[in-house]
Amino acid sequence: MRALRFGLLIMLLGAGKNAAAQVPGADERAAPAAEPAQEPPAPEPGAPAPPPESAPDPVAAPESAPAPAKIPEGAPEPKAEPPPKPSSRAPAVAATDEQEEVPALPPWIRAHRPLTIEARLGLLVRPESSEGFDDETHLGADFGLSGYLDLSREVAAGLELEHASLGRGSAVSGLDTVSTDFSVTSAMLGVRAYPKRSDMLDLYVGLQLGVGFQHVSSAGTRVNEPLRPGAPFSCSGSDSPGFQIGGGVGARFMISPSWGIGARVNATGRRLTSDVIDACAQGIGGATTITAGLGLGYDFDLDP
């Protein structure tokens, strides 16, 4: 009997051990079974790919502006303010500490050592009358060309060439008539002194010494035989040179560093013959003339 009980006890212990081996432990019952990992779904075509897990979090979008306050019913809607009108004035530019320098105009620079070539045209008056003429005209024209070189700022020397008309004389003797035009061509050395000289204006006094050649041109009638009408004639001739001296005052206004307009009043004493010249006509004799003229000159700089 005891042996039977002992055998049943051993069988029960063996069955208990088998049941315990088949039942899972408490730790295994507590841990849930891990679900198999699922692959992420493939992106749809055309949609942007999602950022990888290692990418930083995107910046949070700014908060939206608060909604405008609701207007109570029945209240008038506020009028919108008109946009500001554009100003007609240009915006003022702020002044800078360093202003741009305005380029200075080039200075008025005249020739350092000028050679002045001047052409002059004027009017001549011969106040004296000559013997042997019944009627005379005392007005004539004067044309001159001069060249002066500055020896210093105060003194210049040069040469003057001049052709002047001395007027006309006429005479009647019986059946003979004659009308003669007188002119003189001169070549004179000149000196000028400048009491005042500036960039714009020159004032000077001048003196000239030289010689002049008298020219005559006559036309009229001449009776060669008695009781015959006079025969017309014309002729011309020139005399040997005669001494001349002149002097005057003048001014020159510069219109550019090289160009200038000159004005001069000059008196000249001319020692000319009153004898018959080349069997043509009687000379005018000694004469004093006064000329007033305007000239245009250019300065050549010999020392640039």
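Scroll up a little and you will see the structure.
The structure displayed is predicted, hence computed values, not measured ones. (Residues numbered from 1 in each chain as written. Predicted model: local features only at pLDDT ≥ 70, side-chain atom pairs only at ≥ 80, totals over all residues. Heavy atoms only, no water.)

A look at the packing of aromatic side chains
Right, so step 1: Enumeration over the complete set of coordinates arrives at three aromatic pairs.
Right, so step 2: Grouping aromatic residues by their ring pairs yields a cluster made of Trp-259, Tyr-298 and Phe-300.
Right, so step 3: The ring of Tyr-194 has Arg-197 sitting right over it, with the charged end atom 4.1 Å from the ring centre.
Right, so step 4: Seen from the ring of Phe-233, Arg-222 lies directly overhead, with NZ or CZ sitting 4.0 Å from the centre. (Phe/Tyr/Trp six-rings, centres within 6.5 Å; stacked < 30°, edge-to-face > 60°. Lys NZ or Arg CZ within 6 Å of the ring centre and 35° of its normal.)

Looking at a nonpolar patch on the surface
Right, so step 1: On the surface, Ile-117, Leu-145, Leu-159, Leu-161, Leu-189, Phe-300 and Leu-302 cluster together to form a nonpolar patch covering roughly 640 Å² of accessible area.
Right, so step 2: Relative to the helices and strands, Leu-302 resides in the segment after β12 (287-301). (Patch = residues over 30% accessible without salt bridge, like charges linked within 9 Å, V, L, I, M, F, W, Y side chains within 5 Å. Areas by Shrake-Rupley, 256 points an atom, 1.4 Å probe, with all protein chains shown as cover. Salt bridge = Lys/Arg side-chain N within 4 Å of Asp/Glu carboxyl O. Helix = DSSP H or I, 4+ residues; strand = E, 2+ residues; numbered from the N terminus.)

Description of the pairing of strand β4 (residues 155-173)
Right, so step 1: Pairing geometry for strand β2 (residues 135-137) and β4, over three bridges, is antiparallel. Opposite Glu-136, over in β4, you have Gly-169 as the bridge partner.
Right, so step 2: Across nine bridges, strand β3 (residues 139-150) lies against β4 in antiparallel orientation. Residue pairing for β4: Leu-145 is matched across the bridge by Leu-161.
Right, so step 3: Linking β3 back to β4 in an antiparallel pair, the connection comprises four residues.
Right, so step 4: The sheet contact formed by β4 and strand β5 (residues 176-197) spans 18 bridges and is antiparallel. In the sheet register, Glu-162 faces β5, and the bridge partner there is Ser-186.
Right, so step 5: Joining the antiparallel neighbours β4 and β5 is a turn of two residues, in which Gly-174 adopts a positive phi near 65 degrees. (Pairing = 2+ DSSP bridges.)

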